[in-house]
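# Examination of the molecular architecture
Here is what each chain is made of, one letter per residue.
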Amino acid sequence: MTLPSPARRVASLLLALAAIATLGRAPLAFADEAKTDDAKLTPVFNPPPRLAITAQELTARKADANFPAVRDAAAKAADALLAAPPALPDGFGSWMFYYACADDGTGLHAVSPTEHKCPKCGKVFSDERTVAAYRGILHSAADGAARTLAWGYAYTGDDKYVEGVKRILLKYADDYAKYPERIDRWGRRGLFAPLGGRRRVQSLEEAEGAMPLTQAYDLTRMSPAWKETEKKHVEADFFRATADTLRVFPMDIQNRQAWYNAALVHIGSVLEDPAMVVHAIEGPGGFKDQLARGVGDDGLWWEGTMAYQSYVVQPTIQLIDGARRMGIALQDNERFKLFLTSPLRAAYPDGSFPCINDSDPANFHMFDYSYEWAWNVYKDPRFAQALAWGKPDRLAALLGPDAKPASPLESKSADLTGIGVLYLRVGEGPDQVCATFHYGDSGGDASGHGHWDKLNLTLFAKGREWLADIGRIGYTHKEYKSWAKRTIAHNTIAIDQADQTVNAGRLMFFKAGPGFAAAAAESTKSYKGVTLRRYLYLTPDYLVDVFDVKADRKVTIDLPAHAITEPVMPLTAAGVSKMAPPLGTDNGYQHFTNVMGWSPTGNSTWNFDGGKAKGSPHLHVLLAGEPDERIYTAIGIGYRADEKAPTLIRRREATDTRFVAVYDLAAKSFAVRKIEAVPGAQPHVKVYLDKTTDDINFGVDGVQVGH
Ligand SMILES: [Zn+2]
Ligand SMILES: [Zn+2]
């Protein structure tokens with residue numbers, strides 16, 4: 001699910017050249033490539049079934065008290081597929097994201113195989129790209145249907161379901177050689193289509209389909225309804241041919257390689273090909289290599305988004321299950337366990353995830369399937385707590401009637417070094433406040449899933465997110481590239497209305513103690529000749545945010561703060577407001593609407609109101625005034641292309657300047673009465689509270705606070 005770019009095309013070409021050597025050795029074989037096998041893995045091929053379930057597990061399941069209900073549900077689902085057999089597409093399937101309206105990005109509805117209507121604007125599409133994308137959807141549906149039918153057979157022993165499975169697998173075996181040699185979603189062919197495939201325009205989707213299809217075959221192949229010649233046809237002309245497609249362009253630690261690995265373990269199982277299995281586990285880019293290099297010491301997937309983390313967890317679990325049914329125990333790999341638990345360390349206090357890089361809004365329950373799997377495999381109570389969080393009945397069912405709920409979420413501040421995000425956390429339970437600080441790894445290059453957001457800040461307090469990173473909106477939306485990835489769409493510094501360069505910053509310090517968490521980080525590579533330093537000090541009541549900018553020339557500096565709230569308004573005298581000229585014309589600035597310019601004298605306070613209703617929570621931000629600073633309020637874009645996100649932008653023309661802001665986290669009242677920025681080489685801020693004044697002195701390697 002990576003994106004095209006010149007850099008990626010060059011990389012693709014290099015991969016293509018590397019693959020020519022591979023293609024020269026026909027037929028492709030793993031035997032000579034599995035030399036990393038120092039653990040002497042030996043797959044055991046017991047009589048089928050041995051993929052989705054083993055014969056032993058099936059016997060046990062049939063003896064279970066609730067088996068009749070499980071069997072009847074499986075038979076009902078399979079019967080529906082016999083009554084209305086899934087359409088089997090003639091020809092390869094294209095990318096499912098192409099099945100969307102060219103004008104507004106909305107998913108289409110099929111009127112007929114050649115006519116596809118946008119439910120939003122009513123436009124009908126019948127172009128080849130749309131039709132091929134629809135075939136892709138039919139392929140996916142058929143893949144899933146095969147497995148549903150196969151379970152009908154596994155539980156009932158009725159051969160009528162095997163006929164349904166055979167119809168799908170034999171069609172693919174008949175057609176596979178007739179699909180394009182190799183084609184990708186940009187229409188490139190052969191060696192110029194490293195991400196491409198044959199049955200689908202991405203090898204990724206063929207790998208995804210390989211799991212249900214091999215399982216369907218494995219669950220039914222002992223039935224006499226399968227002729228020996230048919231089995232050979234499916235094995236050689238579909239499964240082995242699919243494996244060959246998946247092996248042409250190895251993808252190292254890309255998320256898609258995790259799917260290739262799982263698919264190859266599955267195909268290796270049905271083909272009884274030990275070398276194929278071992279290579280997918282121990283070869284370059286295999287299971288072990290991906291965990292070693294693709295997962296950081298924080299347990300998080302290197303791309304730094306939960307969607308991609310889940311996208312790797314899913315096939316990895318399937319790979320482990322396929323392997324353990326061949327007698328290979330990978331489930332006890334410690335790094336894999338760290339990988340499974342890491343989402344619990346990367347969540348806000350309410351369990352939702354900040355939307356860093358190409359993320360979508362989600363919470364830790366998106367990993368429930370993995371906690372359920374882990375609970376069954378390890379019987380470790382923390383997985384039961386995660387699975388049953390907020391569900392007392394479920395907790396009692398899993399851990400017994402006396403079980404006490406224990407938050408599965410991390411409550412301490414943490415440096416997630418792999419993705420380079422600091423989680424500053426203070427307080428417990430519903431009162432916990434949390435700020436995330438993206439100081440480090442960029443999560444991939446500019447063409448990948450990273451955003452140009454170094455030193456970005458998000459803020460969660462009093463049960464909701466305030467300062468937001470809005471994630472990716474969606475690849476089919478033009479705002480993905482024109483807004484979501486852009487620097488100005490983040491809560492960090494943009495220089496001269498341009499984007500930052502992709503880089504990793506440097507953490508200067510990170511300290512946490514009773515009632516506070518503090519950190520500072522620096523980026524010298526976001527802009528040439530510019531040093532950015534951000535200092536944060538978080539308490540249950542407020543967040544101090546100081547941004548120092550030093551440039552080797554006079555630059556225009558913008559520091560935005562984005563929140564999904566009512567439009568941000570001044571609470572103090574803020575000078576004459578007027579409609580302002582556009583803040584910029586490109587790089588995301590073109591999306592700002594309702595731009596108002598303000599010129600407060602001295603300090604000012606601004607209000608992000610959490611709702612129109614009286615008593616709604618709010619976020620107040622107190623700014624230390626600076627002569628010649630202009631403040632703008634505007635409307636940007638939120639989590640969806642049509643969601644409005646108010647923005648407060650501070651703009652200065654300077655070579656050396658300091659932005660001081662204090663966020664009041666009281667939400668329904670006021671904790672901070674006023675603030676004072678004390679001049680000096682290092683940031684020094686006084687925060688006046690009701691009963692006390694906090695005197696905060698930042699150093700380059702720590703913070704000192706007096707009261
Ligand atoms: Zn439309
Ligand atoms: Zn972002």
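Residues numbered from 1 in each chain as written. Chains lettered and ligands numbered in written order. Predicted model: local features only at pLDDT ≥ 70, side-chain atom pairs only at ≥ 80, totals over all residues. Heavy atoms only, no water.

### A closer look at the overall build of the chain
Along its length, the chain carries 16 helices and 24 strands. Relative to the 2.2 N^0.38 estimate, which gives 27 Å for 707 residues, the radius of gyration of the chain is 28 Å and therefore close to what a compact globule would have. Taking the principal axes of the C-alpha coordinates as reference, the chain spans close to 85 × 60 × 50 Å. The buried share of the chain, reckoned over its 707 residues, is 59%. In the chain, the share of contacts with a sequence separation of at least 24, taken over all contacts with a separation of at least 6, comes to 65%. (Helix = DSSP H or I, 4+ residues; strand = E, 2+ residues; numbered from the N terminus. Rg over C-alpha atoms; globule rule 2.2 N^0.38 Å. Buried < 20%, exposed > 50% of the residue type's maximum accessible area, 1.4 Å probe, protein only. Contact = heavy atoms within 4.5 Å.)

### Observations regarding the coordination of the zinc ion (ligand 2)
Surrounding the zinc ion (ligand 2) are the protein donor atoms His451 (ND1), Asp469 (OD) and His490 (NE2), which sit 2.1 to 2.3 Å from the metal. Positions of the donor residues of the zinc ion (ligand 2), expressed as sequence spacing, correspond to H-x17-D-x20-H. Of this pair, Asp469 sits in the loop between strand S8 (464-465) and helix H16 (479-484) while His490 sits in the loop between H16 and strand S9 (494-495), and the two are 21 residues apart along the sequence. For the pair formed by Asp469 and His490, the shared burial category is buried. (Donors = N, O, S within 2.8 Å, 3.2 Å for Na, K, Ca; no water.)

### Observations concerning helix H3 (residues 67-83)
Residues separated by three or four positions in an α-helix point in the same direction, a consequence of the helix having 3.6 residues per turn. Its 17 residues give H3 an end-to-end C-alpha distance of 24 Å, which sits within 8% of 24 Å, the value for a rise of 1.5 Å per residue. Regarding H3, the residues found buried are Phe67, Ala74, Ala75, Ala78 and Leu81. Seen end-on, H3 carries its buried residues on one side only, within an arc spanning 115 degrees. Of the exposed residues in H3, those oriented more than 90 degrees away from the buried face are Ala69, Lys76 and Ala83. In this structure, the buried residues of H3 make contact with helix H2 (55-63), helix H4 (128-156) and helix H5 (159-175). (Expected span 1.5 Å × (residues − 1). Arc of directions from axis to C-beta.)

### Structural notes on the environment of Arg553
As for its position among the elements, Arg553 is in strand S13 (residues 542-562). Taking the relative accessible area as the measure of exposure, Arg553 reaches 35% and is therefore partly exposed. Along the sequence, Arg553 and Ile473 sit 80 residues apart, while their C-alpha atoms lie 35 Å from each other. Once residues lying within four places of it in the same chain are set aside, the contact partners of Arg553 are Asp496, Lys528, Gly529, Val530, Ala654 and Thr655. Side-chain polar atoms of Arg553 contact the side chain of Asp552, separated by 2.9 Å. (Polar contact = N/O pair within 3.5 Å; in protein donor to acceptor, adjacent residues only side chain to side chain.)

### Comments concerning the packing of helix H6 (residues 203-220) against helix H8 (residues 255-271)
Helix-helix packing: each pair is described by the crossing angle between the helix axes and the interaxial distance. Running from amino to carboxyl end, H6 crosses H8 at an angle of 30 degrees, the nearest separation of the two axes being 8 Å. Here H6 is positioned roughly parallel relative to H8, judged by the angle of their axes. As H6 runs across H8, the sense of the crossing is left-handed. Residue-level inspection shows Ser203, Leu204, Ala207, Glu208, Ala210, Met211, Thr214, Gln215, Tyr217 and Asp218 of H6 in contact with H8, the latter providing Arg256, Trp259, Tyr260, Ala262, Ala263, His266, Ile267 and Val270. Looking at side-chain class alone, the contact of H6 with H8 contains 11 nonpolar, 4 polar and 3 charged residues. (Axes fitted to C-alpha atoms, helices over the stretch in contact; angles between N-to-C directions. Parallel < 35°, antiparallel > 145°, perpendicular 65-115°, else oblique. Left-handed = near helix turned anticlockwise from the far one by under 90°. Nonpolar A, V, L, I, M, F, W, Y, C, P; charged D, E, K, R; others polar.)

### Re the packing of aromatic side chains
Taken as a whole and judged by the stated rule, the model has 30 aromatic pairs. Their ring planes at 50 degrees and their centres at 5.3 Å tell us that Trp259 and Tyr311 sit as a pair that is tilted. Separated by 52 residues along the polypeptide, Trp259 in helix H8 and Tyr311 in helix H11 (residues 306-324) bring together distant segments of the chain. Members of the aromatic cluster, each reached through a chain of ring pairs, are Trp301, Trp302, Phe336, Phe339, Phe364, Tyr371, Trp373, Tyr378 and Phe383. Arg199 extends its terminal NZ or CZ atom over the ring of Tyr172, reaching a point 4.2 Å from the ring centre. (Phe/Tyr/Trp six-rings, centres within 6.5 Å; stacked < 30°, edge-to-face > 60°. Lys NZ or Arg CZ within 6 Å of the ring centre and 35° of its normal.)

### Comments concerning the coordination of the zinc ion (ligand 1)
Only Cys101 (SG), Asp104 (OD), Cys118 (SG) and Cys121 (SG) from the protein coordinate the zinc ion (ligand 1), and they sit 2.1 to 2.3 Å from it. When the donor residues of the zinc ion (ligand 1) are listed from N- to C-terminus, their spacing reads C-x2-D-x13-C-x2-C. On the basis of relative accessibility, which here comes to 1%, the residue Cys118 falls in the buried class.

### Regarding the pairing of strand S5 (residues 421-426)
Summarising burial for S5: 6 of the 6 residues are buried, a large majority. The two faces of S5 match: Val421, Tyr423 and Arg425 on one face and Leu422, Leu424 and Val426 on the other face are all buried. For strand S4 (residues 414-416) and S5, the ladder comprises 3 bridges, and the chain directions are antiparallel. Note on S5: the bridge partner recorded for Leu416 is Val421. Between the antiparallel neighbours S4 and S5 lie 4 residues, among them Gly420 with a positive phi of about 70 degrees. Where S5 and strand S6 (residues 433-438) come together, 6 bridges link them in antiparallel fashion. Looking at S6, one finds that Val421 is bridged to His438. (Pairing = 2+ DSSP bridges.)

### As for the sheet that holds S4
The strand order across the open sheet built from 5 strands is S4-S5-S6-S7-S8, with neighbouring strands paired in antiparallel fashion. In the strand order of this sheet, the two ends are held by S4 and S8, each with one partner.

### A closer look at H6
The terminal C-alpha atoms of H6 lie 25 Å apart, and with 18 residues this matches the ideal 26 Å at 1.5 Å per residue to within 8%. Residue Ala210 marks the point of greatest curvature in H6, where the axis turns by about 30 degrees; the proline Pro212 follows within four residues. Of all 18 residues in H6, 17 are buried; the element is thus mostly enclosed. (Bend = angle between axes of the 7 residues up to and from the residue.)

### Points about the environment of Leu457
You can see Leu457 is positioned in strand S7 (residues 456-461). Along the chain, Leu457 and Ser203 lie 254 residues apart, while their C-alpha atoms are 37 Å from each other. Setting aside residues no more than four positions away along its own chain, Leu457 makes contact with Ala435, Thr436, Leu467, Asn491, Arg534, Leu536, Leu543 and Asp545.

### Some remarks on the sheet that holds strand S24 (residues 703-706)
Here we have 4 strands laid out as an open sheet, ordered S21-S22-S23-S24, and antiparallel in their pairing. Each end of this open sheet is capped by a strand with a single partner; those strands are strand S21 (672-677) and S24. Taken over all neighbouring pairs, the strand axes of this sheet differ in orientation by 15 degrees on average, direction set aside. As paired elements, strand S23 (residues 693-698) and S24 share 4 bridges and run antiparallel to each other. Residue Asp695 lies in a different strand from S24, and its bridge partner there is Gly706.

### Focus on the pattern of salt bridges
Summed over the entire model, instances satisfying the criterion amount to 44 salt bridges. Lys550 is the salt-bridge partner of Asp656, the closest N and O atoms lying 4.0 Å from each other. Of this pair, Asp656 sits in strand S20 (residues 644-664) while Lys550 sits in strand S13, placing them 106 residues apart in sequence. Residue Glu629 is joined to Arg650 by a salt bridge in which the shortest nitrogen-to-oxygen separation is 3.1 Å. Of the two residues, Glu629 sits in the loop between strand S18 (618-623) and strand S19 (630-637) while Arg650 sits in strand S20, which places them 21 residues apart along the sequence. (Salt bridge = Lys/Arg side-chain N within 4 Å of Asp/Glu carboxyl O.)

### With respect to the side chain of His438
Mapped onto the fold, His438 is located in strand S6. When its relative accessible area of 3% is taken as the criterion, His438 is described as buried. Separated by 2.7 Å, the side chain of His438 and the backbone oxygen of Asp441 make a polar contact. A polar atom in the side chain of His438 sits 2.9 Å from the side chain of Asp453. Not counting chain neighbours up to four residues away, the residues in contact with His438 comprise Ile356, Asn357, Ile419, Gly420, Val421, Asp453, Lys454, Leu455 and Asn456.

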